[in-house]
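Understanding the architecture of this molecule
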Protein chains: 2
Amino acid sequence: MKKIVFLFYEGMTSLDAIGPHTVLAQLPDVEVKHVARKAGFIQTDAMQLTLMAEYSIEDILGADILVIPGGRNATTLEKYPEVLEWIRAIHQTTTWTTSVCTGSLILGAAGLLQGLPATSHWAVMDRLKKWGAIPTSHRVVESGKIITAAGVSAGIDMGLTLAAKMAGEAVAKRIQLGIEYDPQPPFDCGSLEKADPEMVKVLREAMEKSFEK
Amino acid sequence: MKKIVFLFYEGMTSLDAIGPHTVLAQLPDVEVKHVARKAGFIQTDAMQLTLMAEYSIEDILGADILVIPGGRNATTLEKYPEVLEWIRAIHQTTTWTTSVCTGSLILGAAGLLQGLPATSHWAVMDRLKKWGAIPTSHRVVESGKIITAAGVSAGIDMGLTLAAKMAGEAVAKRIQLGIEYDPQPPFDCGSLEKADPEMVKVLREAMEKSFEK
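Our subject in this report is the structure included herewith. Since the structure is predicted, the reported quantities are computational estimates derived from the model, not experimental observations. (Residues numbered from 1 in each chain as written. Chains lettered and ligands numbered in written order. Predicted model: local features only at pLDDT ≥ 70, side-chain atom pairs only at ≥ 80, totals over all residues.)

Comments concerning the overall build of chain A
A count of helical and extended segments in chain A gives 6 helices and 11 strands. For 213 residues, the compact-globule estimate of 2.2 N^0.38 gives 17 Å, and chain A sits close to it at 16 Å. Counting only C-alpha atoms and orienting by the principal axes, one finds that chain A spans roughly 50 × 40 × 40 Å. Taken over 213 residues, chain A has a buried fraction of 54%. Residue pairs in contact within chain A that sit at least 24 positions apart in sequence constitute 62% of those at least 6 positions apart. (Helix = DSSP H or I, 4+ residues; strand = E, 2+ residues; numbered from the N terminus. Rg over C-alpha atoms; globule rule 2.2 N^0.38 Å. Buried ≥ 20, exposed ≤ 12 C-beta atoms within 10 Å, placed from the backbone. Contact = placed C-beta atoms within 7 Å.)

Remarks on the packing of helix H1 (residues 14-24) of chain A against helix H4 (residues 154-167) of chain A
Residues and elements named next belong to chain A. The contact between H1 and H4 brings their axes to 8 Å, and the two run at 30°. Classified by the angle their axes make, H1 and H4 are roughly parallel. Crossing handedness for the pair H1 and H4: right-handed. Contacts between H1 and H4 involve Asp16, Gly19, Pro20, Val23 and Leu24 on the former and, on the latter, Gly155, Ile156, Met158, Gly159, Leu160, Leu162 and Ala163. Split into classes, the residues belonging to the contact of H1 with H4 amount to 8 nonpolar, 3 polar and 1 charged. (Axes fitted to C-alpha atoms, helices over the stretch in contact; angles between N-to-C directions. Parallel < 35°, antiparallel > 145°, perpendicular 65-115°, else oblique. Left-handed = near helix turned anticlockwise from the far one by under 90°. Nonpolar A, V, L, I, M, F, W, Y, C, P; charged D, E, K, R; others polar.)

Some thoughts on the pairing of strand E3 (residues 40-43) of chain A
Judged from the 4 bridges that link them, E3(A) and strand E4 (residues 50-53) of chain A form a sheet pairing that is antiparallel. Following the sheet pairing, Gly40(A) is matched in E4(A) by Ala53(A). (Pairing = 2+ DSSP bridges.)

A look at the interface of chain B and chain A
Counting residues at the interface gives 55 residues for chain B, matched by 54 residues for chain A. Of all the elements in the fold, those that place two or more residues in the side of chain B that touches chain A are helix H1 (14-24), strand E2 (30-36), strand E4 (50-53), helix H4 (154-167), helix H5 (169-178) and helix H6 (197-212) of chain B. Counted by class, the side of chain B that touches chain A contains 29 nonpolar, 16 polar and 10 charged residues.

Some points on the nonpolar core
In terms of nonpolar packing, the biggest core is built from 136 residues, with Phe8(A) and Phe8(B) touching the most fellow members. Here Phe8(B) is in contact with Ala17(B), His34(B), Val35(B), Ala36(B), Ile42(B), Leu51(B) and Ala53(B), once residues within four sequence places are set aside. (Core = buried A, V, L, I, M, F, W, Y, C linked by C-beta atoms within 7 Å.)

Quick notes on the relation of the copies chain B and chain A
Note that the two copies of the chain are related through a rotation about an axis and a translation along the same axis. Mapping chain B onto chain A calls for a rotation angle of 180° and an axial translation of 0.0 Å; the resulting RMSD is 0.0 Å. On the angle and the small slide along the axis, the relation comes out as a two-fold axis. Of every C-alpha in chain B, the one belonging to Leu51(B) sits nearest the axis of rotation, 2.5 Å from it. Taken as a fraction of all interface residues of chain B, those also at the interface in chain A reach 98%, which identifies the copy contact as same-surface. (Least-squares fit on C-alpha atoms with pLDDT ≥ 70 in both.)

Details of helix H5 (residues 169-178) of chain A
Helical periodicity: at 3.6 residues per turn, an α-helix aligns residues three or four positions apart in one direction. Among the 10 residues in H5(A), 7 count as buried, and that is most of the element. Ala172(A), Lys173(A), Arg174(A), Ile175(A), Gln176(A), Leu177(A) and Gly178(A) are the residues of H5(A) that are buried. Of the surrounding elements, those touching the buried residues of H5(A) are H1 and H4 of chain A together with H6 of chain B. Phi turns positive one or two residues past the end of H5(A), at Glu180(A), with a value near 45°.

Regarding the sheet that holds strand E10 (residues 140-143) of chain A
Residues and elements named next belong to chain A. The sheet built from 7 strands is open, its strands ordered E5-E2-E1-E6-E7-E11-E10 with mixed pairing. Every other strand in the sheet has two partners, leaving strand E5 (55-56) and E10 as the edge strands with one partner each. Across 3 bridges, the pairing between strand E1 (residues 2-7) and strand E6 (residues 65-68) is parallel. Following the sheet pairing, valine 5 is matched in E6 by leucine 66.

Structure, rendered in C-alpha coordinates:
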(Lines give C-alpha, C1' and ligand atoms only; values in the text may rest on other atoms or scores of the structure.)
Protein backbone atom coordinates (compact mmCIF):
# COMPACT_ATOMS: atom_id res chain seq x y z
CA MET A 1 0.00 0.00 0.00
CA LYS A 2 1.57 3.28 -1.14
CA LYS A 3 1.00 6.27 1.07
CA ILE A 4 0.15 9.55 -0.69
CA VAL A 5 0.27 12.60 1.55
CA PHE A 6 -1.15 16.04 0.74
CA LEU A 7 0.03 19.02 2.78
CA PHE A 8 -2.86 21.41 3.46
CA TYR A 9 -2.48 24.92 4.88
CA GLU A 10 -4.48 28.12 5.38
CA GLY A 11 -4.82 30.11 2.17
CA MET A 12 -3.97 27.21 -0.13
CA THR A 13 -5.57 27.04 -3.57
CA SER A 14 -7.92 24.08 -3.51
CA LEU A 15 -7.60 23.11 -7.18
CA ASP A 16 -3.81 22.80 -6.80
CA ALA A 17 -4.48 19.87 -4.48
CA ILE A 18 -7.78 18.52 -5.81
CA GLY A 19 -6.45 18.18 -9.39
CA PRO A 20 -3.72 15.64 -8.59
CA HIS A 21 -5.80 14.22 -5.73
CA THR A 22 -8.59 13.22 -8.09
CA VAL A 23 -6.05 11.36 -10.23
CA LEU A 24 -3.81 9.81 -7.60
CA ALA A 25 -6.58 8.60 -5.28
CA GLN A 26 -7.74 6.34 -8.13
CA LEU A 27 -4.46 4.44 -8.31
CA PRO A 28 -4.57 0.84 -7.14
CA ASP A 29 -3.21 0.06 -3.68
CA VAL A 30 -2.84 3.56 -2.35
CA GLU A 31 -3.99 5.33 0.76
CA VAL A 32 -4.31 9.10 0.76
CA LYS A 33 -3.84 11.29 3.81
CA HIS A 34 -4.25 15.02 4.35
CA VAL A 35 -1.98 16.70 6.83
CA ALA A 36 -1.59 20.22 8.15
CA ARG A 37 0.50 21.90 10.81
CA LYS A 38 -2.44 21.25 13.08
CA ALA A 39 -5.20 18.81 12.15
CA GLY A 40 -8.61 20.36 11.57
CA PHE A 41 -10.43 22.72 9.22
CA ILE A 42 -8.34 24.42 6.58
CA GLN A 43 -9.66 27.62 5.08
CA THR A 44 -8.61 27.79 1.42
CA ASP A 45 -8.05 30.99 -0.56
CA ALA A 46 -11.58 30.87 -2.02
CA MET A 47 -14.59 32.18 -0.17
CA GLN A 48 -15.55 29.90 2.69
CA LEU A 49 -14.27 26.80 0.88
CA THR A 50 -13.03 24.61 3.70
CA LEU A 51 -11.12 21.35 3.54
CA MET A 52 -10.31 19.00 6.37
CA ALA A 53 -6.83 17.84 7.37
CA GLU A 54 -7.28 14.72 9.44
CA TYR A 55 -3.65 14.62 10.58
CA SER A 56 -1.13 16.98 12.13
CA ILE A 57 2.41 16.89 10.81
CA GLU A 58 3.68 15.06 13.90
CA ASP A 59 1.32 12.17 13.02
CA ILE A 60 2.89 11.56 9.62
CA LEU A 61 6.41 10.14 9.61
CA GLY A 62 6.81 9.16 5.99
CA ALA A 63 5.20 9.07 2.55
CA ASP A 64 5.70 7.43 -0.81
CA ILE A 65 4.39 10.55 -2.50
CA LEU A 66 4.24 14.02 -1.02
CA VAL A 67 2.12 16.66 -2.79
CA ILE A 68 2.44 20.33 -1.86
CA PRO A 69 -0.17 22.65 -3.37
CA GLY A 70 0.32 26.36 -3.88
CA GLY A 71 -1.47 29.37 -2.56
CA ARG A 72 -1.46 33.05 -3.29
CA ASN A 73 1.42 33.54 -0.89
CA ALA A 74 2.51 30.03 -0.21
CA THR A 75 5.73 31.21 1.37
CA THR A 76 3.89 32.42 4.46
CA LEU A 77 4.61 28.83 5.49
CA GLU A 78 8.16 30.08 6.13
CA LYS A 79 6.71 31.44 9.37
CA TYR A 80 6.45 27.85 10.54
CA PRO A 81 9.94 26.35 10.47
CA GLU A 82 8.55 23.10 11.90
CA VAL A 83 6.56 22.64 8.67
CA LEU A 84 9.66 23.14 6.51
CA GLU A 85 11.56 20.72 8.75
CA TRP A 86 8.73 18.19 8.40
CA ILE A 87 8.88 18.56 4.59
CA ARG A 88 12.62 17.89 4.64
CA ALA A 89 12.13 14.83 6.83
CA ILE A 90 9.31 13.40 4.72
CA HIS A 91 11.32 14.04 1.54
CA GLN A 92 13.92 11.61 2.92
CA THR A 93 11.26 8.89 2.83
CA THR A 94 9.52 9.59 -0.49
CA THR A 95 9.72 8.03 -3.91
CA TRP A 96 8.36 11.28 -5.35
CA THR A 97 8.20 14.72 -3.78
CA THR A 98 5.90 16.98 -5.77
CA SER A 99 4.42 20.46 -5.89
CA VAL A 100 1.82 22.39 -7.84
CA CYS A 101 1.95 26.12 -8.59
CA THR A 102 3.62 28.16 -5.83
CA GLY A 103 4.00 24.95 -3.84
CA SER A 104 7.46 24.84 -5.44
CA LEU A 105 8.37 27.96 -3.47
CA ILE A 106 7.66 25.97 -0.32
CA LEU A 107 9.93 23.17 -1.55
CA GLY A 108 12.49 25.91 -2.22
CA ALA A 109 12.09 27.40 1.25
CA ALA A 110 12.60 23.92 2.66
CA GLY A 111 15.94 23.83 0.85
CA LEU A 112 15.07 21.01 -1.51
CA LEU A 113 15.50 22.76 -4.86
CA GLN A 114 19.14 23.93 -4.62
CA GLY A 115 20.64 23.67 -8.12
CA LEU A 116 17.58 21.92 -9.54
CA PRO A 117 15.36 22.85 -12.50
CA ALA A 118 11.84 23.57 -11.24
CA THR A 119 8.65 25.28 -12.34
CA SER A 120 5.99 27.34 -10.58
CA HIS A 121 3.12 29.68 -11.41
CA TRP A 122 4.36 31.81 -14.35
CA ALA A 123 3.90 35.05 -12.41
CA VAL A 124 6.36 34.13 -9.66
CA MET A 125 8.78 31.94 -11.60
CA ASP A 126 11.78 34.16 -10.83
CA ARG A 127 11.22 33.75 -7.11
CA LEU A 128 12.52 30.21 -7.42
CA LYS A 129 16.03 31.67 -7.78
CA LYS A 130 15.93 32.86 -4.18
CA TRP A 131 16.36 29.23 -3.15
CA GLY A 132 18.91 28.29 -5.80
CA ALA A 133 16.45 26.59 -8.14
CA ILE A 134 16.66 26.97 -11.91
CA PRO A 135 13.34 28.43 -13.15
CA THR A 136 12.12 26.22 -15.99
CA SER A 137 9.00 27.15 -17.91
CA HIS A 138 7.48 23.78 -18.58
CA ARG A 139 4.11 22.46 -17.49
CA VAL A 140 5.70 19.62 -15.50
CA VAL A 141 9.40 19.54 -14.53
CA GLU A 142 11.14 16.42 -13.24
CA SER A 143 14.42 16.77 -11.32
CA GLY A 144 15.39 13.42 -9.89
CA LYS A 145 12.60 12.49 -7.53
CA ILE A 146 11.22 16.01 -7.36
CA ILE A 147 8.38 16.88 -9.74
CA THR A 148 7.08 20.44 -9.90
CA ALA A 149 4.04 21.58 -11.88
CA ALA A 150 3.14 25.02 -13.25
CA GLY A 151 0.16 27.08 -12.04
CA VAL A 152 -3.01 25.64 -10.49
CA SER A 153 -4.56 23.55 -13.29
CA ALA A 154 -1.16 22.02 -14.18
CA GLY A 155 -1.56 19.73 -11.19
CA ILE A 156 -3.91 17.55 -13.23
CA ASP A 157 -1.22 17.03 -15.88
CA MET A 158 1.34 16.37 -13.16
CA GLY A 159 -0.97 13.86 -11.46
CA LEU A 160 -1.45 11.89 -14.67
CA THR A 161 2.29 11.96 -15.43
CA LEU A 162 2.98 10.62 -11.96
CA ALA A 163 0.20 8.03 -12.22
CA ALA A 164 1.90 6.61 -15.32
CA LYS A 165 5.22 6.38 -13.50
CA MET A 166 3.65 4.63 -10.53
CA ALA A 167 1.20 2.26 -12.15
CA GLY A 168 1.94 2.27 -15.88
CA GLU A 169 0.47 4.08 -18.85
CA ALA A 170 -2.64 1.91 -19.13
CA VAL A 171 -3.76 2.81 -15.62
CA ALA A 172 -3.01 6.50 -16.15
CA LYS A 173 -4.97 6.49 -19.41
CA ARG A 174 -7.93 4.82 -17.75
CA ILE A 175 -7.94 7.51 -15.08
CA GLN A 176 -7.70 10.24 -17.73
CA LEU A 177 -10.70 8.76 -19.55
CA GLY A 178 -12.54 8.39 -16.25
CA ILE A 179 -12.22 12.09 -15.49
CA GLU A 180 -13.00 12.84 -19.15
CA TYR A 181 -9.85 14.91 -19.39
CA ASP A 182 -10.07 16.06 -22.97
CA PRO A 183 -9.83 19.76 -22.19
CA GLN A 184 -11.46 22.36 -24.40
CA PRO A 185 -10.55 25.71 -22.86
CA PRO A 186 -12.87 28.39 -24.22
CA PHE A 187 -9.92 30.73 -24.82
CA ASP A 188 -6.31 30.22 -25.89
CA CYS A 189 -4.72 32.44 -23.27
CA GLY A 190 -3.71 30.13 -20.45
CA SER A 191 0.05 30.61 -20.58
CA LEU A 192 2.49 33.49 -20.38
CA GLU A 193 3.33 33.07 -24.07
CA LYS A 194 -0.27 33.05 -25.28
CA ALA A 195 -1.77 35.79 -23.11
CA ASP A 196 -2.19 39.47 -23.77
CA PRO A 197 0.93 41.28 -22.38
CA GLU A 198 -1.17 43.88 -20.57
CA MET A 199 -3.12 41.14 -18.80
CA VAL A 200 0.16 39.43 -17.88
CA LYS A 201 1.41 42.67 -16.35
CA VAL A 202 -1.73 43.24 -14.28
CA LEU A 203 -1.79 39.69 -12.94
CA ARG A 204 1.93 39.65 -12.19
CA GLU A 205 1.61 42.83 -10.15
CA ALA A 206 -1.36 41.39 -8.25
CA MET A 207 0.57 38.21 -7.45
CA GLU A 208 3.63 40.19 -6.37
CA LYS A 209 1.51 42.31 -4.04
CA SER A 210 0.31 39.19 -2.26
CA PHE A 211 3.95 38.46 -1.38
CA GLU A 212 4.32 41.81 0.34
CA LYS A 213 1.67 41.02 2.91
CA MET B 1 -23.52 40.94 -5.31
CA LYS B 2 -24.29 37.73 -7.23
CA LYS B 3 -24.86 34.63 -5.16
CA ILE B 4 -23.20 31.42 -6.41
CA VAL B 5 -24.38 28.28 -4.66
CA PHE B 6 -22.71 24.86 -4.81
CA LEU B 7 -24.72 21.81 -3.78
CA PHE B 8 -22.53 19.36 -1.85
CA TYR B 9 -23.51 15.78 -0.95
CA GLU B 10 -22.01 12.54 0.32
CA GLY B 11 -20.08 10.69 -2.39
CA MET B 12 -19.71 13.70 -4.66
CA THR B 13 -16.60 14.02 -6.83
CA SER B 14 -14.63 16.94 -5.46
CA LEU B 15 -13.08 18.07 -8.76
CA ASP B 16 -16.56 18.41 -10.31
CA ALA B 17 -17.18 21.23 -7.84
CA ILE B 18 -13.67 22.59 -7.29
CA GLY B 19 -13.03 23.11 -11.02
CA PRO B 20 -15.83 25.64 -11.59
CA HIS B 21 -15.47 26.90 -8.00
CA THR B 22 -11.90 27.99 -8.62
CA VAL B 23 -13.05 29.96 -11.65
CA LEU B 24 -16.33 31.42 -10.42
CA ALA B 25 -15.09 32.50 -6.98
CA GLN B 26 -12.69 34.86 -8.78
CA LEU B 27 -15.47 36.82 -10.47
CA PRO B 28 -16.00 40.36 -9.25
CA ASP B 29 -18.92 41.02 -6.88
CA VAL B 30 -19.85 37.45 -6.09
CA GLU B 31 -20.39 35.52 -2.92
CA VAL B 32 -20.06 31.75 -2.90
CA LYS B 33 -21.97 29.44 -0.59
CA HIS B 34 -21.84 25.67 -0.10
CA VAL B 35 -25.01 23.92 0.83
CA ALA B 36 -25.97 20.34 1.63
CA ARG B 37 -29.10 18.57 2.80
CA LYS B 38 -27.70 19.08 6.28
CA ALA B 39 -24.87 21.53 6.95
CA GLY B 40 -21.60 19.98 8.07
CA PHE B 41 -18.83 17.70 6.84
CA ILE B 42 -19.30 16.15 3.45
CA GLN B 43 -17.38 12.99 2.66
CA THR B 44 -16.45 13.00 -1.04
CA ASP B 45 -15.90 9.90 -3.17
CA ALA B 46 -12.12 10.03 -2.66
CA MET B 47 -10.43 8.60 0.39
CA GLN B 48 -11.05 10.75 3.43
CA LEU B 49 -11.29 13.95 1.38
CA THR B 50 -13.79 16.02 3.29
CA LEU B 51 -15.42 19.30 2.35
CA MET B 52 -17.56 21.54 4.50
CA ALA B 53 -21.08 22.69 3.67
CA GLU B 54 -21.76 25.71 5.83
CA TYR B 55 -25.47 25.80 5.00
CA SER B 56 -28.40 23.40 4.98
CA ILE B 57 -30.81 23.60 2.07
CA GLU B 58 -33.46 25.30 4.21
CA ASP B 59 -31.00 28.20 4.76
CA ILE B 60 -30.70 29.00 1.06
CA LEU B 61 -33.75 30.44 -0.63
CA GLY B 62 -32.30 31.60 -3.94
CA ALA B 63 -29.20 31.82 -6.11
CA ASP B 64 -27.97 33.62 -9.18
CA ILE B 65 -25.97 30.56 -10.13
CA LEU B 66 -26.53 27.02 -8.94
CA VAL B 67 -23.78 24.44 -9.53
CA ILE B 68 -24.48 20.74 -9.03
CA PRO B 69 -21.43 18.46 -9.14
CA GLY B 70 -21.55 14.77 -10.01
CA GLY B 71 -20.61 11.69 -8.10
CA ARG B 72 -20.22 8.02 -8.89
CA ASN B 73 -23.90 7.48 -8.27
CA ALA B 74 -25.23 10.97 -8.07
CA THR B 75 -28.80 9.76 -8.38
CA THR B 76 -28.74 8.40 -4.83
CA LEU B 77 -29.92 11.94 -4.14
CA GLU B 78 -33.29 10.70 -5.41
CA LYS B 79 -33.65 9.20 -1.95
CA TYR B 80 -34.05 12.72 -0.65
CA PRO B 81 -37.07 14.27 -2.40
CA GLU B 82 -36.60 17.42 -0.30
CA VAL B 83 -33.28 18.01 -2.08
CA LEU B 84 -34.86 17.64 -5.51
CA GLU B 85 -37.65 19.96 -4.42
CA TRP B 86 -35.06 22.49 -3.21
CA ILE B 87 -33.29 22.29 -6.60
CA ARG B 88 -36.57 23.01 -8.40
CA ALA B 89 -37.28 25.95 -6.11
CA ILE B 90 -33.80 27.43 -6.46
CA HIS B 91 -33.94 26.98 -10.24
CA GLN B 92 -36.91 29.36 -10.24
CA THR B 93 -34.59 32.06 -8.87
CA THR B 94 -31.41 31.49 -10.91
CA THR B 95 -29.90 33.21 -13.88
CA TRP B 96 -27.96 30.01 -14.60
CA THR B 97 -28.57 26.49 -13.33
CA THR B 98 -25.55 24.29 -14.01
CA SER B 99 -24.19 20.81 -13.52
CA VAL B 100 -20.93 18.94 -13.99
CA CYS B 101 -20.63 15.25 -14.89
CA THR B 102 -23.42 13.11 -13.41
CA GLY B 103 -24.77 16.23 -11.73
CA SER B 104 -26.97 16.45 -14.84
CA LEU B 105 -28.72 13.25 -13.73
CA ILE B 106 -29.69 15.10 -10.57
CA LEU B 107 -31.08 17.96 -12.64
CA GLY B 108 -32.92 15.30 -14.61
CA ALA B 109 -34.30 13.64 -11.48
CA ALA B 110 -35.48 17.07 -10.35
CA GLY B 111 -37.47 17.28 -13.58
CA LEU B 112 -35.58 20.19 -15.07
CA LEU B 113 -34.26 18.59 -18.27
CA GLN B 114 -37.52 17.46 -19.91
CA GLY B 115 -37.06 17.89 -23.68
CA LEU B 116 -33.74 19.67 -23.32
CA PRO B 117 -30.33 18.85 -24.82
CA ALA B 118 -27.89 18.03 -22.00
CA THR B 119 -24.56 16.33 -21.43
CA SER B 120 -23.11 14.17 -18.67
CA HIS B 121 -20.20 11.82 -18.06
CA TRP B 122 -19.77 9.85 -21.32
CA ALA B 123 -20.30 6.53 -19.55
CA VAL B 124 -23.81 7.36 -18.36
CA MET B 125 -24.97 9.66 -21.15
CA ASP B 126 -27.92 7.43 -22.08
CA ARG B 127 -29.31 7.66 -18.56
CA LEU B 128 -30.31 11.23 -19.32
CA LYS B 129 -33.15 9.84 -21.45
CA LYS B 130 -34.85 8.48 -18.32
CA TRP B 131 -35.76 12.07 -17.50
CA GLY B 132 -36.66 13.15 -21.00
CA ALA B 133 -33.41 14.92 -21.74
CA ILE B 134 -31.69 14.71 -25.12
CA PRO B 135 -28.18 13.28 -24.61
CA THR B 136 -25.74 15.60 -26.36
CA SER B 137 -22.06 14.72 -26.51
CA HIS B 138 -20.44 18.11 -26.18
CA ARG B 139 -18.09 19.34 -23.49
CA VAL B 140 -20.50 22.10 -22.46
CA VAL B 141 -24.19 22.18 -23.45
CA GLU B 142 -26.37 25.25 -23.07
CA SER B 143 -30.18 24.86 -23.05
CA GLY B 144 -31.76 28.15 -22.14
CA LYS B 145 -30.53 28.94 -18.66
CA ILE B 146 -29.38 25.40 -17.97
CA ILE B 147 -25.73 24.62 -18.67
CA THR B 148 -24.48 21.04 -18.32
CA ALA B 149 -20.84 19.95 -18.56
CA ALA B 150 -19.34 16.58 -19.46
CA GLY B 151 -17.32 14.42 -17.03
CA VAL B 152 -15.37 15.76 -14.02
CA SER B 153 -12.66 17.95 -15.59
CA ALA B 154 -15.19 19.55 -17.98
CA GLY B 155 -16.35 21.69 -15.08
CA ILE B 156 -13.33 23.94 -15.59
CA ASP B 157 -14.34 24.61 -19.20
CA MET B 158 -17.94 25.19 -18.09
CA GLY B 159 -16.80 27.58 -15.36
CA LEU B 160 -14.82 29.69 -17.82
CA THR B 161 -17.67 29.69 -20.33
CA LEU B 162 -20.02 30.88 -17.62
CA ALA B 163 -17.51 33.45 -16.34
CA ALA B 164 -17.45 35.03 -19.81
CA LYS B 165 -21.25 35.21 -19.88
CA MET B 166 -21.39 36.81 -16.46
CA ALA B 167 -18.48 39.21 -16.53
CA GLY B 168 -17.26 39.38 -20.11
CA GLU B 169 -14.48 37.69 -22.05
CA ALA B 170 -11.68 39.85 -20.64
CA VAL B 171 -12.44 38.77 -17.08
CA ALA B 172 -12.78 35.12 -18.09
CA LYS B 173 -9.48 35.25 -19.93
CA ARG B 174 -7.74 36.82 -16.94
CA ILE B 175 -9.03 34.01 -14.74
CA GLN B 176 -7.90 31.40 -17.28
CA LEU B 177 -4.41 32.91 -17.30
CA GLY B 178 -4.45 33.12 -13.50
CA ILE B 179 -5.06 29.39 -13.17
CA GLU B 180 -2.54 28.81 -15.99
CA TYR B 181 -5.14 26.79 -17.85
CA ASP B 182 -3.14 25.79 -20.89
CA PRO B 183 -3.70 22.07 -20.49
CA GLN B 184 -1.17 19.55 -21.71
CA PRO B 185 -2.68 16.14 -20.98
CA PRO B 186 0.05 13.49 -21.12
CA PHE B 187 -2.19 11.22 -23.21
CA ASP B 188 -4.79 11.81 -25.92
CA CYS B 189 -7.45 9.49 -24.55
CA GLY B 190 -9.75 11.69 -22.49
CA SER B 191 -12.94 11.26 -24.49
CA LEU B 192 -15.12 8.43 -25.69
CA GLU B 193 -14.01 9.02 -29.28
CA LYS B 194 -10.28 9.02 -28.52
CA ALA B 195 -10.04 6.18 -26.02
CA ASP B 196 -9.31 2.53 -26.54
CA PRO B 197 -12.69 0.71 -26.96
CA GLU B 198 -11.76 -2.00 -24.47
CA MET B 199 -10.96 0.64 -21.85
CA VAL B 200 -14.29 2.34 -22.60
CA LYS B 201 -16.10 -0.96 -22.05
CA VAL B 202 -14.41 -1.65 -18.71
CA LEU B 203 -15.06 1.84 -17.37
CA ARG B 204 -18.65 1.90 -18.55
CA GLU B 205 -19.36 -1.40 -16.79
CA ALA B 206 -17.77 -0.07 -13.60
CA MET B 207 -19.87 3.09 -13.73
CA GLU B 208 -23.03 1.11 -14.41
CA LYS B 209 -22.32 -1.13 -11.43
CA SER B 210 -22.22 1.88 -9.16
CA PHE B 211 -25.80 2.62 -10.18
CA GLU B 212 -26.97 -0.79 -9.02
CA LYS B 213 -25.96 -0.14 -5.42
